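Observations on the model geometry
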Amino acid sequence: QVQLVESGGGLVQAGGSLRLSCAASGRTLYAMGWFRQAPGKERQFVAHISRYGASTYYLDSVKGRFTISRNNAKNTVALQMNSLKPEDTAVYYCAATRSSNYYTEDRGYDYWGQGTQVTVSS
């Protein structure tokens, strides 16, 4: 069982930046993803990074603003969020998967963190 712990959420003004981090327990490396869920909406894929960081994928609306990265020595993954918009407000979840199939969907992930709130004020 993998434990995922997110940190770095908070309140920021539109145009600002936040950096989310996710620490995974153990030494096994997984492909990782970030999802978000706004109030009253379904959980939405945001970004994915392959196990060794060679491939990354993004939701179209965050391309050019968000960057996913990882540090395998520390078994952590980060999401750098720049030029934040009010519509980015959501609870952000880190997730891990043994496979990169269905990486834009909830069903593609085996383990989930508890989430961290990101609020962007206008």
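Residues numbered from 1 in each chain as written. Predicted model: local features only at pLDDT ≥ 70, side-chain atom pairs only at ≥ 80, totals over all residues. Heavy atoms only, no water.

Some remarks on the overall build of the chain
Applied cut-off: In this description a helix means any DSSP run of H or I spanning at least four residues, a strand means any run of E spanning at least two, and both kinds are numbered starting from the N terminus. Relative accessibility under 20% of the residue-type maximum defines a buried residue, over 50% an exposed one, and the middle range a partly exposed one, all with a 1.4 Å probe and only protein chains included. Contacts between residues were defined by any pair of non-hydrogen atoms, one from each residue, lying within 4.5 Å.
What the chain contains, in helices and strands, is zero helices and eleven strands. For the chain, the succession of helices and strands along the chain, N to C, is β-β-β-β-β-β-β-β-β-β-β. Over its C-alpha atoms, taken along the principal directions, the chain stretches across nearly 40 × 25 × 25 Å. For the chain, the residues scored as buried account for 44% of the 122 residues in total. Considering only contacts in the chain between residues 6 or more positions apart, those separated by 24 or more positions represent 56%.

So, the state of the cysteines
The test is simple: Note that a disulfide, as used here, is simply two cysteine sulfur atoms within 2.5 Å.
Summed over all chains, the structure comprises one disulfide. Between the sulfur of Cys-22 and that of Cys-94 lies a disulfide, 2.0 Å long from S to S. Looking down the S-S bond of the Cys-22 and Cys-94 bridge, the torsion is -75°, so its handedness is left-handed. Within this pair, whereas Cys-22 is found in strand β3 (residues 18-24), its partner Cys-94 is found in strand β9 (residues 90-97), the two being separated by 72 residues in sequence. Given the relative accessible area of 1%, Cys-22 is considered buried.

Let's talk about the sheet that holds strand β8 (residues 76-81)
What counts here: At least two bridges found by DSSP between two strands is the condition for calling them paired. Only the stretch in contact is used when a helix axis is fitted, and all axes are lines through C-alpha atoms; the angle between N-to-C directions ranges over 0 to 180 degrees.
Strand order across the open sheet formed by four strands is β1-β3-β8-β7, with antiparallel pairing between neighbours. The open sheet is flanked by β1 (4-7) and β7 (66-71), the only strands paired with a single partner. Between one strand axis and the next, the sheet turns by 15° as a mean value, whatever way the strands run. Two strands pair when backbone bridges link them, and β7 and β8 are joined in this way by six bridges, in the antiparallel orientation. Along β8, the bridge assignment pairs Asn-71 with Thr-76.

Some points on the side chain of Ser-50
Applicable threshold: Pairs of N or O atoms within 3.5 Å make up the polar contacts considered here, provided that, within protein, one atom can donate a hydrogen while the other can accept it, and that residues adjacent in sequence are counted only when both atoms are side-chain atoms.
Its place among the elements puts Ser-50 in the loop between β5 (44-49) and β6 (56-58). Residue class for Ser-50 comes out buried when judged on its relative accessible area of 15%. There is a polar contact of 3.1 Å between the side chain of Ser-50 and the backbone nitrogen of Ala-54. When sequence neighbours within four positions are dropped, the list of residues in contact with Ser-50 reads Ala-31, Ser-55 and Arg-70.

Section: the environment of Thr-119
With respect to the helices, strands and loops of the structure, Thr-119 is situated in strand β11 (residues 116-121). Apart from the residues lying within four places of it in its own chain, the contact partners of Thr-119 are Gly-10, Leu-11, Val-12 and Thr-89. Of note is the side chain of Thr-119, whose polar atom sits 3.3 Å from the side chain of Gln-117.

Observations regarding the nonpolar core
Applicable threshold: Residues belong to a common nonpolar core when they are buried Ala, Val, Leu, Ile, Met, Phe, Trp, Tyr or Cys residues joined through side-chain atoms within 4.5 Å.
Judged by nonpolar contacts, the single largest core of 30 residues is most densely connected at Leu-4, Met-32, Trp-34, Leu-79, Met-81 and Tyr-92. When residues of this core are traced back to their parent elements, those giving at least two are β3, β4 (31-37), β5, β7, β8, β9 and β11.

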